[in-house]
Amino acid sequence: MLKKQFRIRKQKDFENVFSKGRYISEKFLTLKIVSNKLAFSRFGFIISNKVSKKAVERNRAKRLLRESIRLFQDSIKSQIDFVFIPKKEIIGKDFVEVNECVEKLLKRSGLLEK
RNA sequence: GUAAUAAGCUAGACAAUCGCCUGUUUAUUCAUGAGCGGGAGGAAAGUCCGAACACCCGUAUAAAAUUAUUUAUACGAAAUGGGUAGUUGCUAACGGCAACCGUUUCGAUUCGUUGAAAUAGGGAAAGUGCCACAGAGACUAUACUAUCUUGAGCAAUCAAGAGAAAGGUGAAAAGUUGAAUAGUGUUUCACAUUACUUUUGUAAUUUGAGGCUAUAUUCUUUCCUUGUCGGUGACGGCAAGUGAUGGUAAACCCUGCCUGGUGCAAGAACAAACUCUGGAAUUUUCAGAGAAAAAGUGGUUCGCAUGACCCUCUCAGCAAUGUUGGGGCUAGAUAGAUGAUUGUCGCUUCGGAUUUAUCCGAGGAACAGAAUUCGGCUUAUUGUUUAUUGCCUUU
RNA sequence: GGAGAGUUGACAGAGCGGUCGAAUGUACCGGUCUUGAAAACCGGAGGGCCCUCACGGGUCCCGGGGGUUCGAAUCCUCCACUCUCCG
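Let me begin by describing the structure that accompanies this report. Quick caveat: nothing in here was measured; it's all calculated off a predicted structure.

Focus on helix α3 (residues 95–109)
Working step 1: End to end, α3 covers 21 Å across 15 residues, agreeing with the expected 21 Å (1.5 Å per residue, within 8%).
Working step 2: Residues of α3 that are buried make contact with β1 (22–26), β2 (29–35), α2 (55–72) and β4 (80–86).
Working step 3: A positive phi of about 75° marks G110, the residue just after α3.

A closer look at the packing of aromatic side chains
Working step 1: A full pass over the atoms with the stated rule returns three aromatic pairs.
Working step 2: By way of ring pairs, the aromatic residues F43, F45, F82 and F84 are connected into one cluster.

So, the pairing of β4
A regular strand places its side chains so that they alternate between the two faces of the sheet.
Working step 1: With respect to burial, β4 is a largely interior element, six of its seven residues being buried.
Working step 2: Examined bridge by bridge, β2 and β4 share seven bridges and lie antiparallel to one another. Looking at the pairing, L31 lines up with F84 of β4.
Working step 3: By the bridge criterion, four bridges tie strand β3 (residues 42–45) to β4 in an arrangement that is parallel. Looking at β4, one finds that R42 is bridged to D81.
Working step 4: As a crossover connection, the stretch from β3 through α2 into β4 is left-handed.

Let's talk about the sheet that holds β1
Through backbone hydrogen bonds, the strands of a sheet pair up, either in parallel or in antiparallel fashion.
Working step 1: Taken in spatial order, the four strands make up an open sheet running β1-β2-β4-β3, and their pairing is mixed. The open sheet is flanked by β1 and β3, the only strands paired with a single partner. Pairs of neighbouring strands in the sheet enclose a mean axial angle of 20°, with direction left out of account.
Working step 2: The strands touched by α2 within the sheet are β2, β3 and β4, with β3 carrying the most contacts at an inclination of about 160°.
Working step 3: Helix-sheet contacts for α3 involve β1, β2 and β4, and the interaxial angle to β1 is about 140°.

Thresholds applied
Residues numbered from 1 in each chain as written. Chains lettered and ligands numbered in written order. Predicted model: local features only at pLDDT ≥ 70, side-chain atom pairs only at ≥ 80, totals over all residues. Heavy atoms only, no water. Helix = DSSP H or I, 4+ residues; strand = E, 2+ residues; numbered from the N terminus. Expected span 1.5 Å × (residues − 1). Contact = heavy atoms within 4.5 Å. Phe/Tyr/Trp six-rings, centres within 6.5 Å; stacked < 30°, edge-to-face > 60°. Buried < 20%, exposed > 50% of the residue type's maximum accessible area, 1.4 Å probe, protein only. Pairing = 2+ DSSP bridges. Right-handed = clockwise from strand over helix to strand, strands pointing away. Axes fitted to C-alpha atoms, helices over the stretch in contact; angles between N-to-C directions.

So yeah, pure geometry; function would need other evidence.
Listed below in structure tokens is the structure:
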């Protein structure tokens, strides 16, 4: 789980990412990225009611994504805002599958440091 | 053994590593570290009811003021609309809960009663509406078949009228149900007498037996009214009466009771400090207009976690529930915390092995996530215990 | 978090408790017209299950369950789903 500092929380920040960012998508995940002026990277997650009507399933998906990002956090370049938008298919997936998908996305974006 | 219903309990446990939100103590570079703590439910859900709480509206009173208005306190009248509906009790309140009453269904019965289940259960004897199709007629009753009387006709039949017993239609047919006795009318049969007739026979009368039946009396039964007894009451028992009322109010409506409106996105403070005009004029307050700001205005803080709270005990009560004493503090996020990966043990399914209750391997563990709080209802759902009823098997 | 509206055939969309499996339009099928098509005109047809070689017949279905009523798409109630609004 990420600290509050590293999450995107403001409406304006989300709008900024949507208007200026580029996007990459994998099986059941879409990623939007844009650079920011801070010293660190920030992450946001959007899961709408259309993904699942049950709050348990939406929270579950969000927690898995955040846990996966936490593990990659040290190797990700700074000064980037990330927004993850999962699709319906994420419901029922376990941590290993989600983690693989996140890793693929980050590699394709070229923002992973070695 | 199995199924249904009702009630109760439960919602795997422990440990390790890496993380998240938060209370408090402490350190300093003042937003970070360290120490000690806390961190989802029985439904947190649906938002179907109710209450607390906050603001607004209206009314009344008081003060300032006396044209308006403002502030404070108290209350929620009337109308409309909405809700609710056996009785008594419980509750902060409820459409909730408990006990009882009535009704219905099923079963048992020694026919006196009794067990189980269900129950939105005021008023149809205040008024209005509706009752399709069928049927003669569906609420100011009516007359199709059949019956009787009168008239027309050779006859078939037609017309007018009577009465309310039967048939038929329908969910429902005019109205309490059934029985006994008396009895009027009508009709069938038998015998006898009289009249007519050649005879067979026909007509009338008496008697006997049978069918249908107006009416009367008695008994029984449903409802209603009155009286009386029991019960706080719903209601029940008994007695009397020249009493007799179709269904529908989850149709309008009537009656009793409840209800002012909006919801924590309520609302308050901070950032945010000012100028001008007008009313009153000392402060203060109200209305209107304007200006200003590093950025931020969908910001931050409060509301917001001591409560109709939880555990245990005493007493009262059939129970719901109330009460006495003791102990406890038990989530508080806001793009929204409670997660990830493992190990051991427990439960359980399948397969294999044999020592027949153990081992090995592969799995499984439901419904579901706080968002102002609480009381209910409803819906979803894992395992298990008890009770009742039904069914099957064995003794 | 809170407040509301709706759900009828393949699609849209009417529908007084009775004559309603249900108006009407689009789409579909057949026919007329045409060399052929379109348009126009005429006619037809909902779905599931059961019986039937077939024709045809029976029964259930207006989002789902339960109730009121002689009778429910319509009235009441409990759910499911879809959509809208509130700083």
